[in-house]
Each structure stands twice: as structure tokens, then as C-alpha cells.
Amino acid sequence: MGDKKAIIFPSLLFVIFFFLITSTGFFLIRIIKINIENLLKGEGEIVYNHIKREIDINLEYLTLFEKSPAIITPNFLNIMVSDETIVEDLYNLMSDTEDMRLDKLPLTTFAVFDMTGNKIFARGALRITESELRPLITKKQETILKMPTNQDKSLSMGMRVKDRIFFFTIDKTELELLRKKFIIEDILEREEKRFNVLGINLYDQKGKPFIQQKSESADVFILSKPLDSGFLQGYTMEILISKALAKDTIKRTTLSFIFILIFLVILGALSTFAIFLLQRKHEKKVREMERELIVKERLVSLGKLASGMAHEIRNPLNAMSLSVQRLKREFLPEEGKKEEYLAFLDIVRGELVRVDRIVEDFLLSTRAHAPFINENLFTILDEIITIINEKATSREIRIISKIDPQITIESQKDRLTQAFYNIIINAIEAIGQKGSIEIWTRTKDDAVDIYLKDTGPGIKEEELHKVFEYYYTTKDKGMGIGLPISYMIVKDHGGDIRIARDEVQGTTFIVTLPFKQRVEKQAERIVQGS
């Protein structure tokens, strides 16, 4: 349940954060699209206004030229050139008629003859005389051309194209329209290059293409507006602007946003997982601290209780010892039983001394107010190894010491000796027969780690938190107070004991002790021990 709560809250925060970022990102992309469309529209408006002005100016010159042909300006020269271009375009159009349907020709009055003079196709009322047709049939001339004059504003032309002869007439209205078309095409081609647009199309009053430079496509922004010109009433201009740059900008922005989202998802997942791990670690540390606090409170209570009981036990022990001495001195039996009597008294007195020593040792382990003296760690552990080596050897257990002989720490030697003695004895009893105990050290900035590794059966995970609880033991004859006392002594030294679990083989006790004791900690321990 705790793990679920640990991950639900950061996950919920991440989902909310991700939703806000995603919504903001899509909103910004939408705004960018709108702004780009407005920019394209603005660009199109500039092109539209400029082209409209150019068309009005040039078509006004065309009107003046028709009214007063004697006026010659550079603009009028362009208009004059337009008639020649119209004739050339029509000639090229007729040259391609073999591949075209005759009824699709964009002329209102024309006729087509074969090389014998027979009419193949005709549209409109066009009279062709024998004198006009004969030079083309006899191949004396390739073309016959009559340009507009003041009296006759129409343009007439005959031409021979392979095995066909074409005659057409363009009246004043058609010619004006073709001139306008030529002038406007020239303007559109020129301005298209100038403004770097894809195309500019013009449509007549019926919506049919008048000038079409480019058809619509998917990557084109189209601005369509009425031309609103007095010379081309009802016409519509269509400006095609490339959306490639805008599309590329949006694509890059979208990809960048997607990459940011992917990065945020990965970062969020890692952060959520990290928060989950940190929260679990924090909760585990809190549980360990609570467990340590409970153990410490119990050990302190045990120490006080044991100290009081030890004092109470020593009083009857002293009385019993004095009584034994008096029995030995004043109440001797007769000679036949005297020797056996004295032997029993010596056994009783020896056991009393041993019990008194055990009580003394137990009192020693609870004396937190003893002074701290700078001691050599190697010497402390070497003395313990010397004492218990015989017991270890009898069980074929080797004790391997790799302790740095230069390490010194401030400690209560007798109490610390008791702590290490309990841990090593516990390791010997855990191994049982045949094995080894390895002891080594690793120094840190202000402390030293003492590793005590045995080759016993190991400690199960569910038993780890019970190891330092008093009266907890897995041995038949154990009391369950050795390791709790060691734990209390190490804690009184400002250190800690950790266990590296290995269920397959062995347990490693890691005892951490500071090199120097803090003054406030010593004062606190003296108050607790008094």
C-alpha cells in the first residue's frame, strides 16, 4: 500500500505537468500556423496591390495609345510590340493544329482550307477571295498579314502550315483583349520573379482562366481577390505563394516539440522512478530509525534494569562468599570428612567468584559513562582473537585478521572489547564446525568500517530486523542478549552496525566507528549512564 502511494502522487503530478505542456505546445503551434498564414496573406496583399497598380497604369497607356497613336513613350513601345507578339503566338498556335481539334481554337472567326482550296472547317463570317488564297496554294507566300489601321481596327492573317491553309480575322474587341492579355502576362511574369511567388492567375467574369501561370497544389497558399479594375471589370486575381518555408517551419517546430515531449516523458518517467526510489528509501530509513529507536530504548531500559539487578545480585553473592569462608574456618567436620568438605567449599567459592565476574562483566557492558581513551583498534581485536582462538580451533574454524595496525580510535576499551567479543562468538556458534572468520578494515574520512565475515549459513531476510532485539535467538542455548548489547555499545560510541545478508553462505557484520568522539555526544552518554 505504501509503495502504491509512493508512486501514485509523483505519477499524478507528472501527468498533470505533461498535459499542461502538451496543451500549451499544441496551442502555440496553432498560433504559429495562424501567424504564418497571416504573414502569407500579408505578402499576397502586397503583391496584389502592386500588380493591380501596374495593370491599371499599363492598360491606361493602352487606352491612350488607341486614342492617340502619335504619342510614343517606352510604355507605348511595349504596346506596339504586343501586336507583333500576338501574331507570332497565333502563328505558333496554328502550327500545332495538327494535334488539336479545330473547334477548340480560341478564335471567333477563322477558316481552314486544304491545298486544293477546299474549305475544311470554318467559324464565323469570313470571306476569303481567290486572290488571297492563290499565293498560299501556289506556295509563293508563306503568310498574308493585314495589320490594324485607323480605318480598319481588325487584324487579318493567312498562313500555310504543311498541307493546310489557315485564315483568321481578329476584330477590334478581340484585339484589345489580346493586347490586354499580352501586357498583363508580361506584368505577371515580371512581378512573379520579383516577388518570388509561385504563380499569378487571372479569371474572367465567368470564372474561366484568362491568364493561368500555375495550377493549384497542396503546398500553396492562395489569395483570391476581385481585381477591382476599371479596365477588367468582374475579373479575379489569384496569387499563389509557396507554403514550403512555412510548412518547413511548422514541421521543425512540431518535431522540436515532439522531441521535447519525448524528452519530458523520459525525464518524467525517470524522475517519477527516482522519486519513487527516494521515497521508498526515505520510508525504509524512517522505519529503520524507528526500529533503532525502539531497540535503543529497550536496550537502555535493559541496561538500567540489568545494572540494578546486578547490584542486587552482588549483595547476596558477597554474603554467600563470606558464609563459605566462615564455614571453612569455623565449622570444620571431623578428620574423615574434612578433605572432602574443604573441596566442596572450594568449588562453591569458585563458582561464586565466577558468577561475580559474570555480573562484573555485565555491569561493565552497561557503563556508558566510562571515559573515552585513544586506543589501537588492532590491539583490541587481537586480544579478543587470542582469548577465543582456542574455542575456534577446537571447531576447526580459522580466524583471519587483516586489520590495519595503524588505526586508533577514541573508545571505552573494555566495553568495545565486549561488543566485538559477542559478534565473533556469535559467528563461531553460527558456523558450528569447519569454516572461517575474516576481519578487515576500510577507512573513510572520519570513521573506520570493520568487516567481520563468517562462512556460516547466513541470515534470512525476515530475521534481519530482529537480530538486535534482546531475547531473540535462533540457538537452542542462547539468551539473545549478546548482539543487542554489542549494538548498544557501538551506538554509544557514535557508530553503527549493518549486516550484509547472504542466505547461501555467510554473514558480514559491518561495524562503523568514528575516529574521534564528539564532545556533545560524550556528555549525552554520561547523562544517560548516570
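Before any of the text, the structure's been laid out above.
Residues numbered from 1 in each chain as written. Predicted model: local features only at pLDDT ≥ 70, side-chain atom pairs only at ≥ 80, totals over all residues. Heavy atoms only, no water.

Quick look at the packing of helix H7 (residues 377-394) against helix H8 (residues 413-431)
The test is simple: In this analysis an axis means a line fitted to C-alpha atoms, helices contributing only their contacting stretch, and an angle means the value between N-to-C directions, from 0 to 180 degrees. Only DSSP runs of H or I with at least four residues qualify as helices, and only runs of E with at least two residues qualify as strands; both kinds are numbered from the N terminus onward. Each angle receives one of four descriptions, namely roughly parallel if under 35 degrees, roughly antiparallel if over 145, roughly perpendicular if within 65 to 115, and oblique otherwise. Should the near helix be turned anticlockwise from the far one by less than a right angle, the crossing is termed left-handed; should it be turned clockwise, right-handed. Contacts are residue-level and defined by heavy atoms, with any inter-residue pair within 4.5 Å sufficient. Amino acid classes used here: Ala, Val, Leu, Ile, Met, Phe, Trp, Tyr, Cys and Pro are nonpolar; Asp, Glu, Lys and Arg are charged; the rest, including Gly, are polar.
For the pair H7 and H8, the least separation of the axes is 10 Å and the interaxial angle reads 40°. Classified by the angle between their axes, H7 and H8 sit oblique to one another. The hand of the H7/H8 crossing is right-handed. Along its contact with H7, which presents Leu377, Ile380, Leu381, Glu383, Ile384, Ile387, Ile388, Lys391 and Ala392, the element H8 presents Lys413, Leu416, Thr417, Phe420, Tyr421, Ile424, Ile425, Ile428 and Glu429. A class-by-class count of the residues in the contact of H7 with H8 yields 13 nonpolar, 1 polar and 4 charged.

Side note on the environment of Leu40
Going by this rule: Burial classes follow relative accessibility: with a 1.4 Å probe on protein chains only, a residue under 20% of its type's maximum area counts as buried, one over 50% as exposed, and anything between as partly exposed.
With respect to the helices, strands and loops of the structure, Leu40 is situated in helix H1 (residues 2-67). Leu40 sits in the buried class, given a relative accessible area of 9%. Ignoring anything within four residues of it in the chain, the contact list for Leu40 reads Phe221, Ile241, Ser242, Lys243 and Ala246.

Observations concerning the environment of Ile239
Take Ile239: it is sitting in strand E9 (residues 236-242). In this structure the C-alpha to C-alpha distance between Ile239 and Ser224, which are 15 residues apart in sequence, comes to 6.4 Å. Leaving out residues up to four positions away in the same chain, Ile239 has contacts with Gly44, Val47, Tyr48, Val197, Gly199, Ile200, Phe221, Ile222 and Leu223.

Side note on the packing of H8 against helix H9 (residues 482-492)
Packed helix pairs are specified by the crossing angle of their axes together with the interaxial distance, meaning the distance between the axes. With their axes 8 Å apart at the nearest point, H8 and H9 run at an angle of 140° to one another. Taken together, the axes of H8 and H9 lie oblique to each other. With respect to the hand of their crossing, H8 and H9 are arranged in left-handed fashion. Facing H8, whose interface residues are Arg415, Leu416, Gln418, Ala419, Asn422, Ile423 and Asn426, H9 presents Gly482, Leu483, Ile485, Ser486, Met488, Ile489 and Asp492.

Things to note about the sheet that holds strand E6 (residues 199-203)
What counts is decided by this rule: Note on pairing: two strands pair once DSSP finds at least 2 bridges between them.
With antiparallel pairing, 4 strands are arranged side by side in an open sheet as E7-E6-E9-E8. In this open sheet, the two edge strands, each paired with only one partner strand, are strand E7 (209-211) and strand E8 (220-226). Adjacent strand axes in the sheet meet at a mean angle of 30°, parallel and antiparallel pairs treated alike. As judged from the 5 bridges shared by E6 and E9, these two strands associate in the antiparallel manner. Bridge pairing in E9 places Leu202 opposite Met237. Contacting E6 and E7, helix H4 (residues 172-195) runs over the sheet at an angle of about 70° to E7.

Considering the environment of Thr108
Spelled out, the test is: Whenever two N or O atoms come within 3.5 Å, that pair is a polar contact, provided that in protein one can donate a hydrogen and the other can accept it, and provided that, for residues adjacent in sequence, both atoms are side-chain atoms.
Structurally, the position occupied by Thr108 is in the loop between helix H2 (74-95) and strand E1 (110-114). What makes Thr108 partly exposed here is its relative accessible area of 43%. C-alpha of Thr108 to C-alpha of Gly124: the two residues are 16 residues apart in sequence and 6.1 Å apart in space. If we ignore the near neighbours within four places in the chain, the residues touching Thr108 are Arg123, Gly124 and Glu174. Side chain to side chain, Thr108 and Glu174 meet in a polar contact 2.8 Å long.

Structural notes on unusual backbone geometry
Apart from glycine, the bulk of residues carry a negative phi angle, and the bulk of peptide bonds sit in the trans form. Notably, Lys139 is not glycine yet its phi reads approximately 65°, a positive angle. Assignment of secondary structure puts Lys139 in the loop between helix H3 (130-137) and strand E3 (143-146). A relative accessible area of 55% places Lys139 in the exposed class. Here the phi dihedral of Asp228 falls at roughly 55°; this positive angle occurs in a residue that is not glycine. Relative to the assigned elements, Asp228 resides in the loop between E8 and E9.

Side note on H9
Here H9 lies mainly inside the structure; 10 of its 11 residues are buried. Those residues of H9 not exposed but buried are Leu483, Pro484, Ile485, Ser486, Tyr487, Met488, Ile489, Val490, Lys491 and Asp492. In the stretch just after H9, Gly494 is the one whose phi turns positive, near 75°.

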